[in-house]
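# Residue-level structure breakdown
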Amino acid sequence: MQSPSPNQVQDRPHPVGGRAGRRAIVIGGGIVGIASALYLLKDGWRITVIDPEPPGESTSGGSAGLFAFDHVTPVAMPGMIPRVPAMLLDKKSSLTIRWGYLRRLLPWMVHFLKASTPGRVDAISRALADMIGGAWDAFQPLIEDAGAADLIRRRGFLVAFRNDRFLTTMKRELDIQRRFDIRFDILDDDEVRQLAPALSPAYTRGIYYPDCAHTVDPKLLAQTLAGELVRKGGEVLRRRATGFEFGPQGVSAVLSEASRHPTDLVVLAAGAWSKPLATQLGNRLPLETERGYHVTLADPGVDVGLPIASGDLRFCISPLAQGLRLAGTVEFAGLEAPPDPSRQAVMVEHARRMLPGLRVEDASYWMGFRPSMPDSLPVIGRAPGHANAYFAFGHGHVGLTLAAVTGRIVADQAAGRPPAFDLKPFRATRFS
Ligand SMILES: Cc1cc2nc3c(=O)[nH]c(=O)nc-3n(C[C@H](O)[C@H](O)[C@H](O)COP(=O)(O)OP(=O)(O)OC[C@H]3O[C@@H](n4cnc5c(N)ncnc54)[C@H](O)[C@@H]3O)c2cc1C
């Protein structure tokens with residue numbers, strides 16, 4: 001890598017206009033990178049997406065597929081922090097840490113705790129609500145252009161509970177959702193049965209979010225959007241970005257293991273792997289990975305009409321084209337440690353209790369890397385110190401949901417268009 005000289009780098013936004021025919025490189029072909037590429041392409045940029053894997057093969061392909069338009073609260077809620085020690089000691093809880101990783105996690109944890117104060121939670125929720133408010137409007141045209149509407153179902157989302165105690169733990173979350181006009185209904189026993197007859201009778205309460213949607217195939221959705229990008233003249237290269245070259249306008253080329261790719265604009269959207277490249281751009285950010293798991297049951301033997309989350313274990317059961325997908329849990333162990341199959345076993349055990357008769361023999365297993373910032377807000381916008389480099393990573397639990405609105409923000413900023421809402425909460429400098 002060649003370092004930028006302070007005199008060389010112009011810390012001004014990329015000039016407005018003159019984009020037609022200019023090259024933009026998007027690093028990362030997950031759902032966020034592909035959506036960003038599509039929005040830049042609409043503005044006339046010549047697009048190259050660089051990723052060592054095929055589009056959607058990484059975290060984006062294994063998600064629960066939920067467009068979580070209810071999700072306006074951060075992970076670090078005040079009521080959740082006191083429960084963390086007990087959760088960590090309980091091998092069957094939704095949260096684990098590999099203890100050898102704890103020392104590396106500490107700086108992230110400090111920011112996480114700071115983000116959990118009531119004042120911060122309010123500000124973060126406002127920012128998430130702003131993004132989620134525009135999420136579907138941003139996704140819809142991409143889905144329609146790509147002819148992917150048949151991959152989408154608008155049936156809502158159910159969080160199911162065994163008793164009112166769990167409902168009480170969600171009180172703060174529900175209050176915030178009400179404040180931001182997220183529609184939901186609190187269901188009694190009969191209503192839960194009507195919506196999800198396959199659920200065990202032990203689940204007597206539910207919260208139903210009618211505006212949520214899901215895709216029946218998150219990987220195919222990402223691949224279909226990437227196909228549309230290529231059809232419209234974008235290119236997707238199987239390369240790993242390793243660094244940058246800098247010129248008077250900022251980043252002048254992206255370097256990969258085998259080659260050099262000259263560019264006029266760069267978007268860093270490499271999900272959980274974005275940190276070293278952001279550091280090369282002079283920005284040290286507390287990006288971690290919350291590893292998550294899924295088990296897809298090809299022959300589940302029960303019918304589930306809509307995504308259902310377990311209110312106590314907080315994982316999602318999604319009806320996908322491939323079968324029923326159990327997806328969720330959080331493990332802090334970094335990018336290198338091998339998967340821990342006991343995480344999947346916990347979800348399977350729990351799902352069998354939720355759905356009597358569930359068949360789990362024909363199962364496939366997967367682990368993915370949520371790119372997570374401690375305050376549950378992605379990093380979006382121009383990279384400080386660079387006129388033509390943009391960040392678009394750190395979407396945590398809602399990367400599918402927020403992918404298209406992120407892409408639209410990046411394209412707006414690159415074009416100098418005013419943002420639809422306040423982007424300060426998403427700035428890279430918020431941790432410095
Ligand atoms: C179990 C689970 C369930 C989930 N369910 C949901 C859900 O229902 N709804 C929701 O909204 N979100 C969900 N998420 C979160 C969501 O999947 C992620 O937030 C989202 O996929 C992140 O997308 P991304 O494009 O940033 O990252 P990724 O999909 O990880 O893509 C990043 C890409 O960058 C590439 N890359 C890495 N290094 C380099 C490099 N040096 N050069 C070039 N390319 C590079 C990688 O190969 C990868 O393809 C879930 C996550 C998990 C783990």
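Residues numbered from 1 in each chain as written. Predicted model: local features only at pLDDT ≥ 70, side-chain atom pairs only at ≥ 80, totals over all residues. Heavy atoms only, no water.

## Remarks on the site of the ligand
- Lining the immediate surroundings of the ligand are 37 residues, of which Asp51, Ser60, Leu66, Gly396 and Thr401 lie closest.
- At 3.1 Å from an oxygen atom of the ligand is found a main-chain nitrogen or oxygen belonging to Val32.
- Within the side chain of Thr59, one N or O atom sits 2.9 Å away from an oxygen atom of the ligand.
- Relative to its free-state accessible area of 1,000 Å², the ligand is covered by the protein chains to the extent of 96%.
- Residue assignment for the shell around the ligand shows that the elements contributing at least two residues are α1 (31-42), β15 (288-297), β19 (363-372) and α12 (399-415). (Near = heavy atom within 4 Å. Polar contact = N/O pair within 3.5 Å; in protein donor to acceptor, adjacent residues only side chain to side chain. Areas by Shrake-Rupley, 256 points an atom, 1.4 Å probe, with all protein chains shown as cover. Helix = DSSP H or I, 4+ residues; strand = E, 2+ residues; numbered from the N terminus.)

## Comments concerning the confidence of the model for the chain
- Across the chain, pLDDT averages 93, with 95% of residues at or above 70.
- Predicted confidence is poor over residues 1-18, with pLDDT under 50, and the contacts of this stretch with residues over four places away or in other chains come to 38 contacts. (pLDDT = per-residue confidence, 0-100. Contact = heavy atoms within 4.5 Å.)

## A look at the side chain of Asp43
- Tracing the sequence through the fold places Asp43 in the loop between α1 and β2 (46-50).
- Here Arg417 takes part through its side chain, which lies 2.8 Å from a polar atom of the side chain of Asp43.

## Here's the deal with the environment of Glu331
- Within the secondary structure, Glu331 sits in strand β18 (residues 323-332).
- In the structure, Glu331 is positioned 111 residues away from Leu220 in sequence and 26 Å away in space, judged by C-alpha atoms.
- Beyond its immediate sequence surroundings of up to four residues, Glu331 is in contact with Thr96, Arg98, Thr289, Glu290, Arg291, Tyr293, Asp340, Arg343 and Met367.
- A polar atom in the side chain of Glu331 sits 3.0 Å from the side chain of Arg98.

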